[in-house]
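Residue-level structural notes
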Amino acid sequence: MRGGLLLGLAVVVALAATGVWNPFPGLWDWVDRSEPISEPDVVWQQRVGGTPRSVTIAGDAVVVEQRTRVEARSLATGSQLWERKADWAAVAGGDRDPVVAVGKLLVKGYELLDPTTGVTRRRDDDAVAVWTYRNLLLDARCTDATDCTLSAWDPRGTTPLWTAFLPGVHSGLLADNPGLRGTRRFTANRIDDGVAGAEAAPPLLGFPVDGRVHVVDTATGRVLQNVEPARDERLSVVGGRLLRIAARSQDGACYFAISARDPATGQEAWQRAGINLRTADSAGCVQREDPQGARNVLIGVAPDGREAVIDGYDGRLLWVGESGTKLIAVDDRLAMFRAADKRSVIARELGTEKVLWTRPASGKAGAALTPYAAVVADEKPARLAALDPRTGRELAVLRTSANALAVGSQGMIIGEGREIGYVRFGASGSSPTRPPGNGGNPGPGGPGPGPGGPNNGDCGPKGELCPEPGGKDG
């Protein structure tokens, strides 16, 4: 018997060596086959070259950023489309016009790649920083430390839409999407911070330069303000307003005051006192963090300990929680919070008393709101659920310990270690609600009309996110 086995092995080796028949690759694939990362199983599951730093759905491709390279895979099959050496990568554009910006750390310039083919669409050799949005790409280049130019591009454009002068850039403004003075997002276990992908550019951005904040209008490139905060202040640009957040230490406590100003005129638009925006630590009320929030809303804590959602544009209280409730996700239209009994997650429409839906969940459940789905991650047992944000209808429910990495219009990418997989929404034929406009970036004011006309809050403070009547939809 031993001789027969040796003879059979010799025959197999000879056939493999001559190329007639080689069973070893298939055998190794069988041995190395990964266990499914969810139940029900995903549409496809692939092992990527390294642990992903970010994963983004870009049209018909999935862009996976790793430590020293970036690769793209087919959204339909998971097969690799292309791979490039790069230290960072970021996706700009919407579902119809995405591009991938890639570059190397401490090296000027970047390339814009087609996410499906990897072909270079545009190359830049001078930029030191790039910011990516659904409807805009910004880059900054400097001839010296105090002479920098900010340029705005259509994601697939070849000439700048506008340029603006900035007197230098902060030392941290390098590579992709360096921090600006805006809001700080909620985080949740097992939900990636970038799960929603790129959002539409806000009407105003705040660039920190040498202790000052330069407020730039993203529609025109005009620098509206160049402001230095007072010693007890932190500046933040939210909802088309420049917020001056003061924190004063007295009687062993921090006392807060917010003054929101119109950057174009310098006039105060609204003010509130006593709301803690969680910008300060306990050491002398020094403010080292941006306020929590999303898009055009802020999250604060009232003196009685209840959480509140504030409209950044006009200062309205859009939601005030009951005692014991905990806010876990928010955008311009919805708030998701854990009930006081810690047995359910509730979604409510901002600016109204309307509860949209309630879902059983544990006291450790986390969540994120994206343009296409609300994602809820729960433990014991481990679950991931993608829900219609307006109705709570289940788009996908998975028994898995994997993380939610990216959400698109038809499904989401989940991952664990080097394994990633695609989950298609609506196995029963349903599909998620599409966001308003180009990427679902409603303007300030929640569900009501925004300033300048009855646009249902979808068009931004100046209507800059909506096309002109009779014009071409961007």
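For the structure, check the block above.
Residues numbered from 1 in each chain as written. Predicted model: local features only at pLDDT ≥ 70, side-chain atom pairs only at ≥ 80, totals over all residues. Heavy atoms only, no water.

**As for the nonpolar core**
Membership of the largest hydrophobic core comes to 22 residues, with the highest contact counts inside it found for Ile191, Ala386, Val407, Met412, Ile414, Val423 and Phe425. Elements supplying a minimum of two residues to this core: strand 31 (374–378), strand 32 (383–387), strand 33 (394–399), strand 34 (403–407) and strand 35 (411–416). Those residues in contact with Val423 that sit more than four places away from it in its chain are Val42, Ala396, Leu398, Gln410, Gly411, Met412 and Ile414. If you look at the next biggest cluster of nonpolar residues, it comprises 19 residues, including Leu136, Leu138, Ala164 and Leu205. (Core = buried A, V, L, I, M, F, W, Y, C linked by side-chain atoms within 4.5 Å. Buried < 20%, exposed > 50% of the residue type's maximum accessible area, 1.4 Å probe, protein only. Helix = DSSP H or I, 4+ residues; strand = E, 2+ residues; numbered from the N terminus. Contact = heavy atoms within 4.5 Å.)

**Things to note about the pattern of salt bridges**
Counted under the stated rule, the structure contains 29 salt bridges. For the salt bridge of Arg295 with Glu199, the shortest nitrogen-to-oxygen distance reads 3.5 Å. Taken as a pair, Arg295 in the loop between strand 22 (293–294) and strand 23 (297–301) and Glu199 in the loop between strand 14 (175–176) and strand 15 (204–209) lie far apart in primary sequence, 96 residues in all. On the accessibility criterion, Arg295 (16% relative accessible area) is buried. Look at the salt bridges and you will find they share partners, linking Arg84, Glu111 and Arg123 into a network. (Salt bridge = Lys/Arg side-chain N within 4 Å of Asp/Glu carboxyl O.)

**Looking at the sheet that holds strand 19 (residues 241–250)**
Taken in spatial order, the 4 strands line up as 18-19-20-21 in an open sheet, and their pairing is antiparallel. The sheet is open, and its two edges are formed by strand 18 (233–238) and strand 21 (268–273), each paired on a single side. Recorded for the sheet is a direction-independent mean angle of 20° between the axes of neighbouring strands. The sheet contact formed by strand 19 and strand 20 (residues 253–261) spans 9 bridges and is antiparallel. Its bridge partner lying in strand 20, Arg244 is registered against Ser259. (Pairing = 2+ DSSP bridges. Axes fitted to C-alpha atoms, helices over the stretch in contact; angles between N-to-C directions.)

**Here we look at the state of the cysteines**
Taken as a whole, this structure holds 2 disulfides when the rule is applied. For Cys142, the disulfide goes to Cys148, at an S-S distance of 2.0 Å. Around the S-S axis, the bridge from Cys142 to Cys148 shows a dihedral of about 105° and counts as right-handed. The burial state of Cys142 is the same as that of Cys148; both residues are buried. With a sulfur-sulfur separation of 1.9 Å, Cys254 is cross-linked through a disulfide to Cys285. (Disulfide = S-S within 2.5 Å.)

**Thoughts on the sheet that holds strand 26 (residues 326–330)**
Across the sheet, 4 strands lie side by side as 26-27-28-29; this open sheet has antiparallel pairing. Taken across any chain shown, the strands that pair with only one partner, and hence form the sheet edges, are strand 26 and strand 29 (355–360). Each strand axis lies, on average, 25° off the axis of its neighbour in the sheet, ignoring direction. Bridging between strand 26 and strand 27 (residues 334–338) involves 4 bridges; their strand directions are antiparallel. Residue pairing in the sheet places Lys326 in a bridge with Arg338 of strand 27.

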